[in-house]
Amino acid sequence: MAKKAENTNMVERFDEFKEYKHIDKATMISVLEESFRNVLAKMFGTDENLDVIMNPDKGDVQIFQNLEVVPDGEVENPNLQIALSDARADNDPDAEIGEEHTKEIIFADFGRRAILNLRQTLQSKILDLQKEAIYTKFKDMEGELISAEVYQTWSRETLLMDEDNNELLLPKSESIPGDYFRKGETVRAVIVNVDNKNNNPKITVSRTSEKFLRALFELEVPEIHDGLINIRAVARIPGERAKIAVESYDDRIDPVGACVGVKGSRIHGIVRELRNENIDVINWTANPSLLIQRALSPAKISSIRLDEDEKKAEVFLRPEEVSLAIGKGGLNIKLASMLTGYEIDVYRETGNEDNDDIYLDEFKDEIDEWVIEALKNMGLVTAKAVLETDRDILIEKADLEAETVDYVLSVLRSEFEEDSAEYEDDNENPEELEEPEK
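Conventions adopted
Residues numbered from 1 in each chain as written. Predicted model: local features only at pLDDT ≥ 70, side-chain atom pairs only at ≥ 80, totals over all residues. Heavy atoms only, no water. Helix = DSSP H or I, 4+ residues; strand = E, 2+ residues; numbered from the N terminus. Buried < 20%, exposed > 50% of the residue type's maximum accessible area, 1.4 Å probe, protein only. Contact = heavy atoms within 4.5 Å. Areas by Shrake-Rupley, 256 points an atom, 1.4 Å probe, with all protein chains shown as cover. Phe/Tyr/Trp six-rings, centres within 6.5 Å; stacked < 30°, edge-to-face > 60°. Salt bridge = Lys/Arg side-chain N within 4 Å of Asp/Glu carboxyl O. Pairing = 2+ DSSP bridges. Axes fitted to C-alpha atoms, helices over the stretch in contact; angles between N-to-C directions. Parallel < 35°, antiparallel > 145°, perpendicular 65-115°, else oblique. Nonpolar A, V, L, I, M, F, W, Y, C, P; charged D, E, K, R; others polar. Patch = residues over 30% accessible without salt bridge, like charges linked within 9 Å, V, L, I, M, F, W, Y side chains within 5 Å. Lys, Arg positive; Asp, Glu negative; His and termini not counted. Charge placed at Lys NZ, Arg CZ, Asp CG, Glu CD. Polar contact = N/O pair within 3.5 Å; in protein donor to acceptor, adjacent residues only side chain to side chain.

*Asks:* It is not clear to me how the overall build of the protein chain should be interpreted in this structure. Could you clarify?
*Replies:* The secondary structure content of the protein chain amounts to 16 helices and 15 strands. Across the 438 residues of the protein chain, 43% fall into the buried class. The contacts in the protein chain between residues at least 6 apart in sequence include a share of 57% that link residues at least 24 apart. Entry remark: accessible area of the protein chain is about 25300 Å², with carbon and sulfur atoms responsible for 43%.

*Asks:* How do you make sense of the packing of aromatic side chains when you look at a structure like this?
*Replies:* Any pair of aromatic rings gets described here by the distance separating the centres and the angle formed by the planes. Applying the stated rule across the entire model yields 4 aromatic pairs. Judged by centre distance (5.7 Å) and plane angle (85°), the ring pair of phenylalanine 44 and phenylalanine 110 falls under edge-to-face. Taken together, the residues span a long stretch of sequence, with phenylalanine 44 in helix α2 (residues 25–44) and phenylalanine 110 in the loop between β4 (100–105) and α4 (112–139) at a distance of 66 residues. Here phenylalanine 44 falls in the buried class, since its relative accessible area comes to 12%.

*Asks:* What am I meant to see in the pattern of salt bridges here?
*Replies:* Once their charged atoms are close, side chains differing in charge can pair, the charge on each being opposite to the other. Within the structure shown, the criterion is met by 23 salt bridges. Residue arginine 232 pairs with glutamate 247 through a salt bridge whose shortest N-O separation is 2.8 Å. Of this pair, arginine 232 sits in strand β10 (residues 229–237) while glutamate 247 sits in strand β11 (residues 241–248), placing them 15 residues apart in sequence. Looking at arginine 232, the relative accessible area reads 37%, which means it is partly exposed. Look at the salt bridges and you will find they share partners, linking Asp179, Arg188, Arg207, Glu273 and Arg275 into a network.

*Asks:* How should the sheet that holds β10 be read in this particular structure?
*Replies:* Within a sheet, each strand pairs with its neighbour through backbone hydrogen bonds, oriented either parallel or antiparallel. Taken together, the 3 strands give an open sheet; going across it, the order is β10-β11-β12, and neighbouring strands pair in mixed fashion. The sheet is open, and its two edges are formed by β10 and β12 (278–283), each paired on a single side. On average, each strand axis in the sheet is tilted by 20° relative to the strand beside it, whichever way the strands run. Note that β10 and β11 share 8 bridges and pair antiparallel. Within β11, the position partnered with arginine 236 by the bridge is alanine 242. Each of β10, β11 and β12 touches helix α11 (residues 331–340); the most contacted strand, β10, lies at about 135° to it.

*Asks:* How do you make sense of the packing of helix α10 (residues 319–326) against α11 when you look at a structure like this?
*Replies:* Helix-helix packing: each pair is described by the crossing angle between the helix axes and the interaxial distance. With their axes 5 Å apart at the nearest point, α10 and α11 run at an angle of 65° to one another. As the angle between them shows, α10 and α11 are arranged roughly perpendicular. From α10, Leu324, Ala325 and Ile326 reach across to α11, where they touch Leu331, Asn332 and Ile333. Residues of the contact of α10 with α11, tallied by class, amount to 5 nonpolar, 1 polar and no charged.

*Asks:* Which parts of the structure should I look at to understand the side chain of glutamate 321?
*Replies:* In this structure, glutamate 321 sits in helix α10. Residues contacting glutamate 321, with those up to four places away along its chain left out, are Pro298, Ala299 and Lys300.

*Asks:* What exactly am I supposed to notice about a negative patch on the surface here?
*Replies:* Residues Asp72, Glu74, Glu76 and Asp86 make up a contiguous surface patch of negative charge. With respect to the helices and strands, the residue glutamate 76 is situated in the loop between β2 (60–70) and β3 (81–83). Residue classification places glutamate 76 among the exposed positions, given a relative accessible area of 73%.

*Asks:* What is the right way to look at the pairing of strand β6 (residues 157–161) in this model?
*Replies:* Residues in a regular strand project their side chains so that they alternate between the two faces of the sheet. When you tally the buried positions in β6, you get 4 out of 5 residues, the bulk of the element. The sheet contact formed by strand β5 (residues 145–153) and β6 spans 4 bridges and is antiparallel. Counted as the bridge partner of glutamine 152 is leucine 159 from β6. What sits between β5 and β6 in their antiparallel hairpin is a turn of 3 residues. Note: β6 against strand β7 (residues 167–171), 5 bridges, orientation antiparallel. Bridge pairing in β7 links leucine 159 to leucine 169. From the end of β6 to the start of β7, which pair antiparallel, there are 5 residues, and asparagine 165 there has a positive phi angle of about 65°.

*Asks:* Which parts of the structure should I look at to understand helix α5 (residues 210–220)?
*Replies:* Given 3.6 residues per helical turn, the α-helix brings residues three or four places apart onto the same face. Along α5, the positions that sit buried rather than exposed are Phe212, Leu213, Ala215, Leu216 and Phe217. The N-cap of α5, judged by a side-chain oxygen 3.0 Å from the amide nitrogen of lysine 211 a few residues on, is serine 209.

If you want it as structure tokens, here you go:
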């Protein structure tokens, strides 16, 4: 009874593991059988002639060894052969030479060391199985939101524990500037990476990923969770500002209004979670020009010129709108570029643009491209904008030689014959420029 109790205890222990670690019954039986076979293979040199039969309903295991019957005195390997007289004495009186004799093995007869080896092997395989289950579980959860408790904080990362005591790592680089966690505090993050190097699962979570922002909106906005509103693009500078473009599949639903909520009720919770990170929600459109205009909000764009092949956009605004488009520290234009996928350049309007004006790029056959770029960097993108700028300012701000500026002015003026008289005096004495009337 004691021998069978050893086997029963082992099976019961595995049942307990299965209950808490969510291991299915078939896997439980397979692992226990494999553990027995590994230990038996070390004891007998092979397990090929062994049958291991698991009886989970009874809570025990049966082991049978299949041996070749050989004449007495000719047994060369007792792990593979049995003498005829021994086979007949072992409940097989009809045994004959050359036949197979099946002998039951009582594992407990091998002593405590064998049982200890079995338990150690079983524990090792259970640990491997547990790690594999953890990896599979969290690999399927990549991109999902998770809540976990702060267990320990170091200078470079924070260790979190979920409700099943699985370890999650939140690196400093994946924390929002201003994040400060106390032990026992509940933290929300998104699972961004799960690897299993050397069968050692490592689960990395993030609060700076754009996936975190997406997951928070899905949690707070039922229409997103239900698929009525789709998040088409997200751009984010963690802890500072974010832009999100949304569209509705139902014409009756205002996607921006739904995301913001009544008096900002929905978005306020997200902003607090992100350490007061400002969030701009805009309507998505497949029209890149319109999308760029919306992305640069609150600035109002006067006109825009796109190069869809190069993914570049030149945006023209009134002088008072330029600072709004760029934003504090350049955040607004940077996020707009990230959201739309376009490299955006902002230019000031000269205030006198008309249909007769000509973009500087049209003079590339006569003016070196680097000179044109120098002028455009000043915000001067048209011929009249350059002509209306003081010559000395052109020399200083564009960092051009006086001769180069005079040549450029000459080329541009030649395109406006109706204005040639206005600039005659300047051509004769370019060093003396008349002050504009006040």
